[in-house]
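Topology and contacts: notes
So you can see what is in the structure, the chains are spelled out below.
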Amino acid sequence: MQVKMYTKEYCSFCYAAKRLLTKRGISYQEISLTGEDALEQEMQELTGGETVPQILIDGKAIGGYMELVELDMDGELESSR
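Throughout what follows, the structure given in this document is the object of discussion.

Criteria and thresholds
Residues numbered from 1 in each chain as written. Predicted model: local features only at pLDDT ≥ 70, side-chain atom pairs only at ≥ 80, totals over all residues. Heavy atoms only, no water. Phe/Tyr/Trp six-rings, centres within 6.5 Å; stacked < 30°, edge-to-face > 60°. Helix = DSSP H or I, 4+ residues; strand = E, 2+ residues; numbered from the N terminus. Buried < 20%, exposed > 50% of the residue type's maximum accessible area, 1.4 Å probe, protein only. Contact = heavy atoms within 4.5 Å. Arc of directions from axis to C-beta.

1. Brief notes about the packing of aromatic side chains
- Summed over all chains, the structure comprises 1 aromatic pair.
- With centroids separated by 5.9 Å and ring planes inclined at 45°, the aromatic side chains of Phe-13 and Tyr-65 adopt a geometry described as tilted. Pair noted here: Phe-13 is in helix α1 (residues 12–23) and Tyr-65 is in helix α3 (residues 65–73), with a separation of 52 residues, a long-range link.
- Judged by its relative accessible area of 21%, Tyr-65 falls in the partly exposed class.

2. Here we look at the side chain of Glu-40
- Mapped onto the fold, Glu-40 is located in helix α2 (residues 37–47).
- With relative accessibility at 18%, the residue Glu-40 sits in the buried group.
- Among all residues touching Glu-40, those that are not within four sequence positions of it are Lys-8 and Leu-33.

3. Some remarks on unusual backbone geometry
- Residues Val-52 and Pro-53 are joined by a peptide bond in cis, for which omega reads 0°.
- One non-glycine residue, Tyr-10, lies in positive phi territory at about 65°.
- Among the residues examined, Tyr-10 registers a relative accessible area of 74% and is labelled exposed.
- At Asp-58, a residue that is not glycine, the phi angle is positive and equals roughly 50°.
- Looking at the element boundaries, Asp-58 is found in the loop between β3 (54–57) and β4 (60–63).

4. Some points on the environment of Thr-51
- Tracing the backbone shows Thr-51 in the loop between α2 and β3.
- Residues Thr-51 and Lys-8, 43 residues apart in the sequence, show an inter-C-alpha distance of 9.4 Å.

5. Describing α2
- Every buried residue of α2 is listed here: Glu-40, Met-43 and Thr-47. Buried positions in α2, seen along its axis, are confined to an arc of 55° and lie on one side of it. Those residues of α2 that are exposed and angled more than 90 degrees off the buried face are Asp-37, Ala-38 and Glu-45.
- Turning to α2, the residues buried within the fold contact β1 (3–7), β3 and β4.

Right, here's the structure in full:
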């Protein structure tokens, strides 16, 4: 499973998403948008989202932290490893 996550400093949901992925033993690529307008535009084009975190799993935008939690509760993070 390839996970890519767009984040910003001082974002509590970003930290929570990183903690959850780490707890599940899932590695991820973090892309910090702090001070990076071009990357923020890239994120919006790829995900359709304007808030962080925005998470992509295997190239598919799943949404943010709450959607990640839903996948975890449904057991999909475990089965996707």
